[in-house]
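Residues per chain, in single letters:
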Amino acid sequence: QMLGMLFNTIIEQGDFYVKSLISYFGWFEFQTPWFMAIPYVVVLCLAFMRKADEPKVMGIAQRSYSLILFGIVFLLIELLLLLDHTYAGSGIILGVQGRYFIPALPLLFLFVRNNTIELKQSFDMKLLYLIGVLNSGIFIYSCSKIV
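Residues numbered from 1 in each chain as written. Predicted model: local features only at pLDDT ≥ 70, side-chain atom pairs only at ≥ 80, totals over all residues. Heavy atoms only, no water.

Enquirer: Would you take a moment to explain the nonpolar core for this structure?
Expert: Side chains of a nonpolar character, in soluble globular proteins, are inclined to be buried together. By size, the foremost hydrophobic cluster in this structure holds ten residues: Met5, Leu6, Tyr17, Phe74, Ile77, Leu81, Leu82, Ile93, Val96 and Phe101. Broken down by secondary-structure element, the contributors of at least two residues to this core are helix H1 (2-22) and helix H3 (60-85). Looking at this core element by element, the count peaks at four residues for H3. Leave out the neighbours within four places in its chain, and leucine 82 touches Met2, Met5 and Ile93. One finds Tyr40, Val43, Leu127 and Ile138 within the second-largest nonpolar core, a separate group that totals six residues. (Core = buried A, V, L, I, M, F, W, Y, C linked by side-chain atoms within 4.5 Å. Buried < 20%, exposed > 50% of the residue type's maximum accessible area, 1.4 Å probe, protein only. Helix = DSSP H or I, 4+ residues; strand = E, 2+ residues; numbered from the N terminus. Contact = heavy atoms within 4.5 Å.)

Enquirer: What is the right way to read the pattern of salt bridges from this model?
Expert: Between side chains of opposite charge, pairing is possible as soon as their charged atoms come close. Applying the stated criterion across every chain yields a total of three salt bridges. The closest approach of N and O atoms between glutamate 118 and arginine 50, which form a salt bridge, is 2.4 Å. Of this pair, glutamate 118 sits in strand E2 (residues 118-119) while arginine 50 sits in strand E1 (residues 50-51); the two residues are 68 residues apart in sequence, bridging distant segments of the chain. Overall, arginine 50 belongs to the buried group, its relative accessible area being 2%. Here aspartate 124 ties to lysine 51 by a salt bridge, and the two come within 3.6 Å at their closest N and O atoms. Taken as a pair, aspartate 124 in helix H5 (residues 124-146) and lysine 51 in strand E1 lie far apart in primary sequence, 73 residues in all. (Salt bridge = Lys/Arg side-chain N within 4 Å of Asp/Glu carboxyl O.)

Enquirer: Just checking my understanding: could you explain helix H2 (residues 34-47) for this structure?
Expert: Residues lying three or four places apart along an α-helix face the same way, a consequence of the helix completing one turn every 3.6 residues. Taking 1.5 Å per residue, 14 residues should reach 20 Å; H2 reaches 20 Å between its end C-alpha atoms and fits that length. On its buried face, H2 sits against H1 and H5. (Expected span 1.5 Å × (residues − 1).)

Enquirer: Help me out: how do you make sense of the packing of H2 against H5 in this one?
Expert: Each packed pair of helices is defined by two parameters, the angle between the axes and the distance between the axes. At a minimum axis distance of 11 Å, the contact between H2 and H5 shows a crossing angle of 160°. Taken together, H2 and H5 sit at an angle that is classed as roughly antiparallel. H5 is crossed by H2, and the crossing has left-handed handedness. Packed against H2, whose contacting residues are Met36, Pro39, Tyr40, Val43, Leu46 and Ala47, the element H5 presents Leu127, Leu130, Ile131, Leu134, Asn135, Gly137, Ile138 and Tyr141 at the interface. Class assignment of the residues belonging to the contact of H2 with H5 gives a composition of twelve nonpolar, two polar and no charged. (Axes fitted to C-alpha atoms, helices over the stretch in contact; angles between N-to-C directions. Parallel < 35°, antiparallel > 145°, perpendicular 65-115°, else oblique. Left-handed = near helix turned anticlockwise from the far one by under 90°. Nonpolar A, V, L, I, M, F, W, Y, C, P; charged D, E, K, R; others polar.)

Enquirer: Could you clarify how one ought to interpret the packing of aromatic side chains in this entry?
Expert: In this description, an aromatic ring pair is defined by two values, namely the gap between the centres and the angle between the planes. Considering all chains together, one arrives at four aromatic pairs under this definition. Centre to centre, the rings of phenylalanine 74 and phenylalanine 101 are 5.1 Å apart; their planes meet at 20°, and the pair counts as stacked. Linking phenylalanine 74 in helix H3 with phenylalanine 101 in the loop between H3 and helix H4 (105-112), this pair joins segments that are 27 residues apart in sequence. Looking at phenylalanine 101, the relative accessible area reads 6%, which means it is buried. What links up through ring pairs into an aromatic cluster is the set Tyr17, Phe74 and Phe101. Its guanidinium or amino end placed over the ring of phenylalanine 111, arginine 63 lies 5.6 Å from that ring's centre, counting from NZ or CZ. (Phe/Tyr/Trp six-rings, centres within 6.5 Å; stacked < 30°, edge-to-face > 60°. Lys NZ or Arg CZ within 6 Å of the ring centre and 35° of its normal.)

Fair warning: the whole summary comes from geometry, so function is off the table for now.
As structure tokens, this is what we get:
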């Protein structure tokens, strides 16, 4: 029954996890539209790509280990909120937000990172500038919703 609940939660709440990881302002309970979250996902993926001057990435065993560790963290977060926030009879686990997975996110990206996709040049400063622009856009969007 618990595995079914976990499966239902991932299916029904998966998009909320990704969106609340990227563009959901926690305590303010302010959500942005998807078109504002997608650039953050792209920037996040680009930030973890291997650059040409970096050494080769980990082997498949080490990458699998990082995925297993991410899975353990994911399951522990789900279990804790199942016990703490979910009422009896609920079909899904309640109370989980994407921001709870931020500390474990590097483990997931270590799994995704590979030797096939490589950035020819480092553009970290451009990514930081882009994040600033995206944050400014969200700030302007949030101000327009308040007024």
